[in-house]
Amino acid sequence: MSVDSHDYSIIGKPLPKKDAWIKAAGEAKYADDLFFNGMLYGKLLRSPHPHAKIVHVDVSRAATLAGVRAVVTGKDFPGIKYGNMPQTRDYLPLAIDKVRYAGEEVAAVAAIDEDTAEEALDLIRVEYELLPAVFDPEGAMEPGAPQLHEHAASNISSQTAFHFGDVERGFADSDYVREDLFETQPIKQGMLEPHACVGLWDNTGRITLWASKQSPYVVWRQLSMGLGIEPGKIRFIQTFVGGGFSGGKQEAMPMDFCAVLLSKKSGRPVKFVHTMDEVLTIGHMRHPMKIWLKTGIKKDGTLLAQHCRIIANGGAYSSIGQLSMYIPGAMLNLPYRLPNVKYEAYRVYTNNGFCGALRGHTIPQICFARDSQLEIIAKKLRLDPVEMRLKNAAEPGETTANGFRLTTFGFRECIGAVVEASGWREKHAKLPKYRGIGMGCGSLVSGARLMGHSASAAELRVQEDGTVLLTTGSTDVGQGADTVLSMIAAEVLGVEIEDVRFAMVDTDITPVDPGTFGSRVTFWTGNAVKFAAEDARRQLAQVAAEKLGVAPGELIFRNRQVYAREEPQRSLGFGELVRMAEYRQGRIIMGRGSYSSGDELIDFRTGRGNMSPAYTPSACVAEVEVDPETGQVTVTGIWGAHDCGYPLNPLLVKGQVLGATVMCIGQALYENLIRIDGRVMNASFRDYKMPLVTDVPKLAHVDHINIITNDASGPFGAKEAGEGAATAVIAAVANAVYDATGIRFKSLPISPDRVLFGLKDLQEKSDHVAGE
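Residues numbered from 1 in each chain as written. Predicted model: local features only at pLDDT ≥ 70, side-chain atom pairs only at ≥ 80, totals over all residues. Heavy atoms only, no water.

## Brief notes about the sheet that holds strand 6 (residues 125-130)
Moving on, step 1. Taken in spatial order, the 3 strands make up an open sheet running 4-2-6, and their pairing is antiparallel. Unpaired on one side and paired on the other, strand 4 (98-99) and strand 6 mark the two borders of the sheet.
Moving on, step 2. Sheet analysis places strand 2 (residues 52-58) next to strand 4, joined by 2 bridges and oriented antiparallel. Each residue of the ladder has a partner; that of A52, found in strand 4, is V99. (Pairing = 2+ DSSP bridges. Helix = DSSP H or I, 4+ residues; strand = E, 2+ residues; numbered from the N terminus.)

## A closer look at the pairing of strand 8 (residues 176-183)
Moving on, step 1. Of the two faces of strand 8, only the one carrying Y176, R178, D180 and F182 is buried; V177, E179, L181 and E183 on the other face are not.
Moving on, step 2. As paired elements, strand 8 and strand 13 (residues 289-297) share 8 bridges and run antiparallel to each other. Note on strand 13: the bridge partner recorded for V177 is G296. (Buried < 20%, exposed > 50% of the residue type's maximum accessible area, 1.4 Å probe, protein only.)

## Looking at the pairing of strand 17 (residues 456-462)
Moving on, step 1. Burial along strand 17 is one-sided: S456, A458, L460 and V462 are buried, and none of A457, E459 and R461, which face the opposite way, are.
Moving on, step 2. With 6 bridges connecting them, strand 17 and strand 23 (residues 590-595) associate as antiparallel partners. Across the sheet, residue A457 finds its bridge partner in strand 23, namely S594.
Moving on, step 3. Examined bridge by bridge, strand 17 and strand 18 (residues 468-472) share 5 bridges and lie antiparallel to one another. Bridge assignment links E459 to a residue of strand 18, and that residue is T471.
Moving on, step 4. Following strand 17, the chain reverses through 5 residues before pairing antiparallel with strand 18; G466 in that reversal takes a positive phi of roughly 90 degrees.

## Topic: helix 15 (residues 574-585)
Moving on, step 1. The end-to-end C-alpha distance of helix 15, which contains 12 residues, comes to 16 Å, matching closely the 16 Å that a straight helix rising 1.5 Å per residue would cover.
Moving on, step 2. Among all positions of helix 15, only F574, G575, L577, V578, M580, A581 and E582 are buried.
Moving on, step 3. Elements in contact with the buried residues of helix 15: strand 17, helix 13 (481-493), helix 14 (521-548), strand 20 (555-558), strand 21 (561-564) and strand 22 (571-573).
Moving on, step 4. Positive phi shows up at G586, right after helix 15, with a value of about 65 degrees. (Expected span 1.5 Å × (residues − 1). Contact = heavy atoms within 4.5 Å.)

## Some words on the environment of P269
Moving on, step 1. Mapped onto the secondary structure, P269 falls in the loop between helix 6 (254-266) and strand 12 (270-273).
Moving on, step 2. In the structure, P269 is positioned 68 residues away from W201 in sequence and 7.4 Å away in space, judged by C-alpha atoms.

## A few points about the sheet that holds strand 9 (residues 196-201)
Moving on, step 1. Taken in spatial order, the 7 strands line up as 3-5-1-12-9-10-11 in an open sheet, and their pairing is mixed. Both edges of this open sheet fall to strand 3 (68-73) and strand 11 (234-238), since each of them pairs with a single strand only. Sheet twist, expressed as the mean angle between neighbouring strand axes with direction ignored, is 20 degrees.
Moving on, step 2. Judged from the 4 bridges that link them, strand 9 and strand 12 form a sheet pairing that is antiparallel. By the bridge assignment, C197 is partnered in strand 12 with F272.
Moving on, step 3. Those strands touched by helix 6 are strand 1 (40-46), strand 3, strand 5 (105-111), strand 9, strand 10 (207-211) and strand 12, and its axis lies near 35 degrees from that of strand 9. (Axes fitted to C-alpha atoms, helices over the stretch in contact; angles between N-to-C directions.)

## A closer look at the environment of L548
Moving on, step 1. Mapping L548 onto the fold places it in helix 14.
Moving on, step 2. The exposure class assigned to L548 is buried, which follows from its relative accessible area of 10%.
Moving on, step 3. For the pair L548 and V562, spaced 14 residues apart in the sequence, the C-alpha separation amounts to 9.7 Å.
Moving on, step 4. Apart from residues no more than four positions distant in its own chain, L548 is found in contact with L555, V562, R570, S571 and L572.

## Digging into the packing of helix 13 against helix 14
Moving on, step 1. Between helix 13 and helix 14, whose axes approach to 9 Å, the crossing angle comes to 30 degrees. Between helix 13 and helix 14, the angle falls in the class roughly parallel. The handedness of the crossing between helix 13 and helix 14 is right-handed. Seen from helix 13, the contacting residues are A481, V484, L485, I488, A489, V492 and L493; seen from helix 14, they are V521, T522, T525, G526, V529, K530, A533, E534, A536 and R537. (Parallel < 35°, antiparallel > 145°, perpendicular 65-115°, else oblique. Left-handed = near helix turned anticlockwise from the far one by under 90°.)

## Structural notes on empty space enclosed by the protein
The method is simple in principle: a probe with the dimensions of a water molecule rolls over the atoms, and the space it marks as empty is what remains.
Moving on, step 1. On inspection of all chains with the given rule, the structure shows 3 cavities of 30 Å³ or more.
Moving on, step 2. For the largest cavity, the calculated volume is near 90 Å³.
Moving on, step 3. Around the largest cavity sit 16 residues that line it, and C620, W639, G640, V657 and T661 are the ones nearest its centre.
Moving on, step 4. For the lining of the largest cavity, the residue count by class is 11 nonpolar, 4 polar and 1 charged. (1 Å grid on protein atoms, 1.4 Å probe; cavity = no way out; pocket = protein on both sides within 12 Å on 5 of 7 lines; lining within 4 Å. Points joined across faces, edges and corners; volume = space filled by probe spheres on them. Nonpolar A, V, L, I, M, F, W, Y, C, P; charged D, E, K, R; others polar.)

## Let's talk about the environment of I437
Moving on, step 1. Assignment of secondary structure puts I437 in strand 16 (residues 435-445).
Moving on, step 2. Judged by relative accessible area, which is 1%, I437 ranks as buried.
Moving on, step 3. Setting aside its immediate chain neighbours within four residues, I437 contacts S422, W424, K427, H428, L431, V621, A622, E623, N735, A736 and D739.

## Section: the pattern of salt bridges
Moving on, step 1. Here the structure, examined in full by the defined rule, presents 35 salt bridges.
Moving on, step 2. Its salt-bridge partner being D180, residue R178 comes within 2.7 Å of it at the nearest N-O pair.
Moving on, step 3. With a relative accessible area of 3%, D180 lands in the buried category.
Moving on, step 4. The shortest N-O distance in the salt bridge between E375 and R389 comes to 2.9 Å. Residue E375 is located in helix 9 (residues 363-380), and its partner R389 is located in helix 10 (residues 385-391); the two are separated by 14 residues in the primary sequence. Assigned by exposure class, E375 and R389 land together as buried.
Moving on, step 5. Salt bridges here are not isolated pairs; linked through shared partners, they connect R206, R235, D506 and D508. (Salt bridge = Lys/Arg side-chain N within 4 Å of Asp/Glu carboxyl O.)

Quick look at the structure:
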C-alpha cells in the first residue's frame, strides 16, 4: 500500500516548504531576562570519591564570599527519598550521610555569576571517611561486598524472574542446544543540549520550575516527594528540551531541587546549566549487561526454548531499574515465535553513576545477544539465516507466551524488504575478504501499560479566527511530536497545520500525562488529540447542520471549509462557522479527548500481560569493511525496514529511523563510557567517541523502508517510529563483522583494538593448524 493511497489532506503528505520550519508550536513561555531580573546562577559541588561517609560539611567560607547569595546542603532538605516506584525510591536531593558514586551532589551555591559560584564551590570543605567501593556487579553480589544501601541485600537493586511454557521440555526436544555469554557497555545519550532549569520559590510559598524535561509530570511529582510539599503548590513549565533520547531528561535531578531551595533562601530565581563533563558523568546511561543465553532449536530451524539470565550494572541508584529488568525478558518473545521462555534478571547497585533508560531501553542489548546467537546456530546447523528467521516469525493475530497480543505485525515484510534492498542473497558469505554483510531483527512497543499512570489526554479550543489552540501533557524531545499532533488535529478539523498552535506543557494548565518515553506519544497522545478534535468537530457540525439544512454526519471538514458531502456548494468557511457558534449561540468550542487501552497492567511478579496496544517489528541489514591494518570497521551500507503502521509524516519517520540507526552504530563500534574506580575517564565529546557525519554511509547506501500495516487502534493507522528501528542495528553490524572476518564478537564495542587482537588470534590459530 502506498503512503498516498489515503484521501487525507495533511496526514502522510509533505508539509509546504514555507512552513517546513514551523512545528505548529505555540510561543514558549520562557522566563526571559526581564522577568528574571536579578536571576542568580547555581553550581553543584560533587563528591570526588565513589564511596564515603560524609562526616562534616563546612559552607561558612563560601557563604561569606562576595557575590554569593545562598548555599544549601543535604541537611537543608527534609530528607525524604523520591523515585519512580515505592519499592525503588532511593534518591535524595543532595547526599546527607553518604556518597555512593564519584560525582554525586553534596552541596550547591547560588551567586551573581557563574565564576563566583565556581569560586564558592572551592571554599566548601567536606570531611569524608572513605569506604570500600565495588564497581563490578558480580563482585557486589558476593558475601562481604561493600553495602551501598541498607535495604538491598547482596546489593540487588531490583530483580525479575518469570517462566512461560515448559523450558526443560523444550530443551529436551531440541536437536541442538547452545549457550553463550554476551556483554554490553555503558553509553550515554550524547545530547548536545545539557540539562538546564530555573527555579523560583516566591514569597507566597509557591514553587515554579522551568526546565527541559521529557516527562514534566514525573518531575512535578518527584519535586513534591523530595521537598515534602503538596503538588498543588508546585508549577512546572516546560522549556524546549533538545535531545533526550528516551531517558536522558526523564526524572527530577538535584539541580531542580537546589534551584528552588536556593531561590527560597535568596529571594531570587536561580538558574542551573550542567556542563558537558557533568552530563557525561552523572546518571541515566544505558545499562551495561552480562547476558547468558541458552537456546534450543530443531534441526529444521524451529525455535523451541530460551533461557536467559542477565546481570546488569545499575550504578548507585535505582532510577527505573525495575522496569529496565523486566523489558529484556519480555521482548525475548518478539519478533520471533518462542513457546517456552525462562528469564532471570538482577540489577545490582555498584559505586558507578546510575543507569536508566536510553533509546530502546535495554532491548538493543538483548537483540544483540539473541540475533548474534541465532547466526551462530544457523551456521552450525547449515541453515539459511534469513529462512530461519522467517520460519520463526511471529504473525498478526498471535498471542505470545507471555501474553502480548499482536494486531498488525509486518515482520515477514520487514525481512523481505531489507533482503531485497541490500542484495543480501548475492552478498552473504560471498563478499571479498574483510567485507561482510549481516542481519539483525527486533521489536518494540507503541507505548506501554506499565505503571499507575498510562493514559493520555488532550484539550483543544477553537478560536474565533478559526485557529486552534492544542494542549497536551506530552513533550517534543526532537522527534517531531508537536508537528505530528498538530497534523492530527488539523486533519480532523479540516484546517491547515499552521492554524494549530501547540502549547508547551504547564502543570497549571495542560492535561496530566505520563511523559515522553517508550515511543508512546504518537500512538497514545495522538489518539487523545484525534478524539479531542472529533469532539470539537461534532460541536461545530451541529451548528453547521442547522445553517446548511443537512444532517451533521453528511458534513465534510476540509481546506478550511465545511460543506455537504453530496452538495459541496452548500458550504461555510471554517472561521465563519466558529464565529457563528460563538457570536450567535454563545458556544465555547472546546474539544476533550483521552486514550487508555484499558485497565490491564503488566504484573511484574509474573511477567504476564499485554504490555502495549500495538507492536512494531523491524529488520536491518548492515554491510561493513574492515581494515586489517588498523582494525577500523566502516559501515559502508545499511538498510532498514520498520512496521510503523502508517507514517503520518514520512520525513519525520525517516529522520527518526536514521537517527536511531546511527545511534546504535555508535554503540556497536565506538561508544564506551570508560570508568576506572568509578571515575569517568572520557567525560567530553573529544574523548567520548560518537559517530560523526563522516562515519555515516553515503546516502546511496542508506535505505529505510516503511512497512505499511495501518493498525486500526492507532491514530490514522500509526504505530511507533523512532526507537524500534534501533533494536536490530547492533546485531546486524556484529553479524556483518563476523561475515567479514570470521571473528565472533560477543562483547561491545567492536573497537579497532579488539578487532586487531581478534585478527591476530585468528591468524595464530590458522598458523597452528597449518603447522600440524
